[in-house]
Amino acid sequence: MLTKFETKSNRVKGLSFHSKRPWILASLHSGVIQLWDYRMGSLIDRFDEHDGPVRGVHFHNSQPLIVSGGDDYKVKVWNYKLHRCLFTLLGHLDYIRTVQFHHENPWIVSASDDQTIRIWNWQSRTCISVLTGHNHYVMCASFHPKEDLVVSASLDQTIRVWDIGALRKKSAAPTDDILRLSQMNTDFFGGVDAVVKYVLEGHDRGVNWASFHPTLPLIVSGADDRQVKIWRMNDTKAWEVDTLRGHINNVSCVLFHTRQDVIVSNSEDRSIRVWDASKRTGLQTFRREHDRFWILALHPEMNLLAAGHDSGMIVFKLERERPAFSVSSETMYYVKDRFLRCYDFSTQKDTQVIPIRRPGSTCLNQGARTLSHSPTENAVLICSDVDGGSHELYILPKDSYGRGETMQEAKRGTGGSAVFVTRNRFAVLEKSSNQVLVKNLKNEIVKKTALPAVVDAIFCAGAGNLLCRADDRVLIFDLQQRLILGELQSSSVRYVVWSNDMETVALLSKHSIIIASKKLVHQCTLHETIRVKSGAWDGNGVFIYTTLNHVKYCLPNGDNGIIRTLDVPVYITKVSGNTVYCLDRDGKNRAIVIDATEYFFKLSLLRKRYDQVMSMIRSSDLCGQAVISYLQQKGFPEVALHFVKDERTRFNLALESGNIQIAVASAKEIDEKDHWYRLGVEALRQGNAGIVEYAYQRTKNLERLSFLYLVTGHMDKLSKMLKIAEVKNDVMGQFHNALYLGDIKERIKILENVGHLPLAYITAKVHGLHDIAERLAAELGDNIPSLPEGKTPSLLIPPSPVLCGEDWPLLRVMKGIFEGSLDNMGNNVQEEDEEAADADWGEDLDIVNVENMPNGDISLVLGDEEVHEENDEGGWDLEDLDLPPEIDTPKITGNARSSVFVAPAQGMPVSHIWIQKSSLASEHVAAGNIDTAVRLLWRQLGIRNFAPLRPFFLDLHMGCQTYLRAFSSAPVISLALEKGWTESASPNVRGPPALVFQFWQLEEKLKAGYKATTAGKLTEALRLFLSILHTIPLIVVESRREVDEVKELIIIVKEYVLGLRMELKRRELKDDPVRQQELAAYFTHCNLQMPHLRIALISAMTFCFKAGNQMTAASFARRYLETNPSAESQASKARKFLQAAERNMKDASELNYDYRNPFVICGATYVPIYRGQKDASCPYCVARFVPTQEGQLCTVCNLAVVGADASGLLCSHSQIR
């Protein structure tokens, strides 16, 4: 049993599947009817108007109707679209057991404990026939699927078959007078609508259920005598055929399966039993612990069943319907109806190849589960669940290819998980011993390999590799080297789909898809609510997959979407262009044509194939809110603009993409204050003063307008703003405008008018206007404010304007990717828009001629209310105040030929281009993108401690930038320094950053380190060598040869850092002579330059000789003499040591040092790691450590984590190429 859906509820007494939708009705003992979506696993609706248990429920096959019958003696008809009961049919006098719609006529049949069966017309809402004859409760009644028959079962131990042909004739409209007359006689004198055709007796107890076979003249019944009986009928009689025994309690329900030759029954013995209908033997039994079963339902179209029990219901299948198939190039092999078939995708020809073994039907789910094909050897491997898991190997005969006549003896073996790993070898999983058996084409075991984890299934993963599924992960296992090549956490992977180049794999689970590389490096994960069924890769690296009801796509970055809806589930076998080849559940090949425009459009954007994007925009009907949202989300608002008609959306997209032209047009259409304000903000960011001014005028934002005139140097307009503020009686506006203008007398006048005489006096006094100051002093009398002594006043002078009278470009002029190409799509429309703009701008601004006005220099339109008030007073003639006439609406054209500067779309800074083009950490640091540099260094070199690199990061970033001052009030301009830049270089081609760290500088430092080591300045030498180690991750070189030199330099420097650290440690130890000797000895095993090695050997020899370790000292003396020293004094000293030691070859103290056994030194504990012992290494400096140091910071380079998984040093573009 394959459970698809399960609910927990009160006892389920009735069930019914919808014929088209994935719905099931469940009527409960509590009186509630539930409507479930078994595919989504969600409750859609509930109907609860019955009083007491509802024992019968049924869907109409074409109308949105439900019928139900319950213990309240009522038959109710519901409309599930309207969510209510339409009407109630009354007539039964006891509990109603079952109800059913007729498949053609507007009839309902109901069975009741009142010992009758009633047939109702749900259109006329009347009872049209009552079938009497049973003398006990009628437990069920149902229509024949094709004929005019009804079968009923009763506790009177009989099954009755009723002929309702007369009822059909009565319901049909009579075509002639004779028929009409006979029908009138029948109605008047009474007639029999339904007659008993057969009474089937044979059960010893009451019969609970009886049902027809969908096509054959058979009836199956189940009773309280615990037996299932099969009956056959013909035109004249019916008789018992066989009895199925096995249930140990009352049989509740029994049905013929519509699509398989089996009978399904359930019982109060808590079991569901499946019987072979032809052999009449039991196939399988499914049990529950505590729940009795009451009802069964079959899906009318699909291979689904449902069973109701004491605590809910289950929806299940008896057998898997996924065909086993294998695709290689243009050919697919698959299993159908016990035959191996071959399908050619190019010709769409389907051929039967050979018959395969038909397993004995002693159990369900014995068909082929997986199929593996070896094209070169023409061999097929079929796996099934027969005998607990087995496989069969067929060598396909080329001579009988296409006829499928030869029955070939298969080579069989145990193990239900088997795949080809090479052309003539296949691997079989032996679960009992958790090992893989590699077999040849004679089915002989060639090799056995133990698996590194407990594996329950294996899949193909390329030549010689297996993809193994463990409990919570999958892993790639190399059978030859017996190594794990990759590992990934994932739960219950069911299917594995490799791309054509075997570089990418999709791992399909029940509700998720994981996309990973061939080494199982995770790329993306998709989660689906509806079960995932199959998938295949198309030629562009897009994964096309199916759920139960959709064909969907997944892009390499994880973006996914729906391609089309499916009526029935299919299993994708191959994707070629716009055609998806698939198998359905009947094993039929289908070719589905899909529209790949949407995902190809998104893929082109993802891969920056903008030429393809342009072509698709011009030619396709691609549109919709989803595409617009996607473009906006991915940073392409300028492309989204060409799909949008809604003005508000266009406005938002235009602002986002910096397209002021479209933003202005949309703002005019919308004409709301908030939109004009946002337009002004964006125009100001672009430095388009004309549009800013226009936007402020539309919103009548006088304060911002005044400040704009200040920074742009429009002093004449600022003067007009002062007069406008005066007219509007805006004191603060007057004062600010006077301040911006630097008009001292106007400020004094304003202060005096509002009564601030002390402030007016101080302003006049400070600015040297003595006559005004004296007049104000006379008015103030004794209240003259005193000025602070010893202070030098400074005048408030308006600053110099940024750019007088014109726009100022803040954005660098760079042509956008889509600029021009997209704009040319609608040249005619654009010209019309320009003409419209010419006509509308002036009207919108209400420009009038102010020359003849009494206040001709006041030019801002006031609100209507204000004008009305002024006219009532009659003192000022200001009825046509308008904006300054000089300001026409800025006209923006696509070619920017007008006097108004149009800011181009913002270009991409050079630093961003560096990041896009490079995987080198140093170039990311140069661009200022420290986050990505840190991630790259962790991924490439395992570096976690970035504190030592901080000064190098700062130097590198600052060294790749230079700064220019523009105007005093403008921001400083930052310029990126590019390597190899010349004046003749193209502005569209960007070079890499000019890095401050060069390889030759490191060579100089290395020489200085050598010199300091020779001079005995060990601390200085260590600082120099560490500086080299900390600089190398930020070095960039040109050629592969230089890359090798950099890697060689790391090894050299690492040896010196390790040796110097040990030597400095030795000098710190005063009271531990044994440890001092050990460290001196280890120092001699560092890979040093010859002069330094000689110094180390002399030092170790002297220490050991003085401590009485003669034999060890002798070994150092021999090694020293083998170096052919040029210093004769040191050589003679070594010979004396050697002669003295040879007389007494003993060591006074035992050292952890064996010079005969090769070893490396642990960089943290300074102990030897002898050959054959386990160790861990630093991924950057390659220093070796004891295993306990794994996961700790490397003590040699002080940067990387010991044992971290890293890809290796990347310091040249040649490595990437």
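Computed from a predicted structure; not experimentally measured.

Procedures and definitions
Residues numbered from 1 in each chain as written. Predicted model: local features only at pLDDT ≥ 70, side-chain atom pairs only at ≥ 80, totals over all residues. Heavy atoms only, no water. Buried < 20%, exposed > 50% of the residue type's maximum accessible area, 1.4 Å probe, protein only. Helix = DSSP H or I, 4+ residues; strand = E, 2+ residues; numbered from the N terminus. Arc of directions from axis to C-beta. Contact = heavy atoms within 4.5 Å. Axes fitted to C-alpha atoms, helices over the stretch in contact; angles between N-to-C directions. Parallel < 35°, antiparallel > 145°, perpendicular 65-115°, else oblique. Left-handed = near helix turned anticlockwise from the far one by under 90°. Nonpolar A, V, L, I, M, F, W, Y, C, P; charged D, E, K, R; others polar. Pairing = 2+ DSSP bridges.

Re helix 16 (residues 770-780)
Argument step 1. Listed in full, the buried residues belonging to helix 16 are Ile-772, Ala-773, Leu-776, Ala-777 and Leu-780. Projection of helix 16 onto a plane perpendicular to its axis shows the buried side chains occupying an angular sector of 135°, all on one side. In helix 16, the exposed positions that point more than 90 degrees away from the buried face belong to Asp-771, Glu-774 and Ala-778.
Argument step 2. Of the surrounding elements, those touching the buried residues of helix 16 are helix 14 (744-753) and helix 15 (757-766).
Argument step 3. Once helix 16 ends, the next one or two residues include Gly-781, with phi positive near 70°.

Notes on the packing of helix 15 against helix 16
Argument step 1. Between helix 15 and helix 16, whose axes approach to 9 Å, the crossing angle comes to 150°. Put simply, helix 15 runs roughly antiparallel to helix 16. Crossing of helix 15 against helix 16: the hand is left-handed. Taking contact as the criterion, the partners of Leu-757, Pro-758, Ala-760, Tyr-761, Ala-764 and Lys-765 in helix 15 are, on helix 16, Ile-772, Ala-773, Leu-776, Ala-777, Glu-779 and Leu-780.

A short note on the packing of helix 12 (residues 715-727) against helix 13 (residues 731-741)
Argument step 1. At a minimum axis distance of 8 Å, the contact between helix 12 and helix 13 shows a crossing angle of 160°. Relative to helix 13, the element helix 12 is oriented roughly antiparallel. For helix 12 against helix 13, the interelement crossing comes out left-handed. Where helix 12 approaches helix 13, its residues Met-715, Leu-718, Ser-719, Met-721, Leu-722, Ala-725 and Glu-726 are matched on the opposing element by Gly-733, Gln-734, Asn-737, Ala-738, Tyr-740 and Leu-741.
Argument step 2. Partitioned by chemical class, the residues of the contact of helix 12 with helix 13 number 8 nonpolar, 4 polar and 1 charged.

Focus on the sheet that holds strand 54 (residues 579-584)
Argument step 1. Pairing within the open sheet is antiparallel, and its 3 strands lie in the order 53-54-55. Both edges of this open sheet fall to strand 53 (570-576) and strand 55 (589-593), since each of them pairs with a single strand only. Between one strand axis and the next, the sheet turns by 30° as a mean value, whatever way the strands run.
Argument step 2. Pairing of strand 53 with strand 54, which is carried by 6 bridges, proceeds in the antiparallel orientation. Bridging from a neighbouring strand, Ser-576 pairs with Thr-579 of strand 54.

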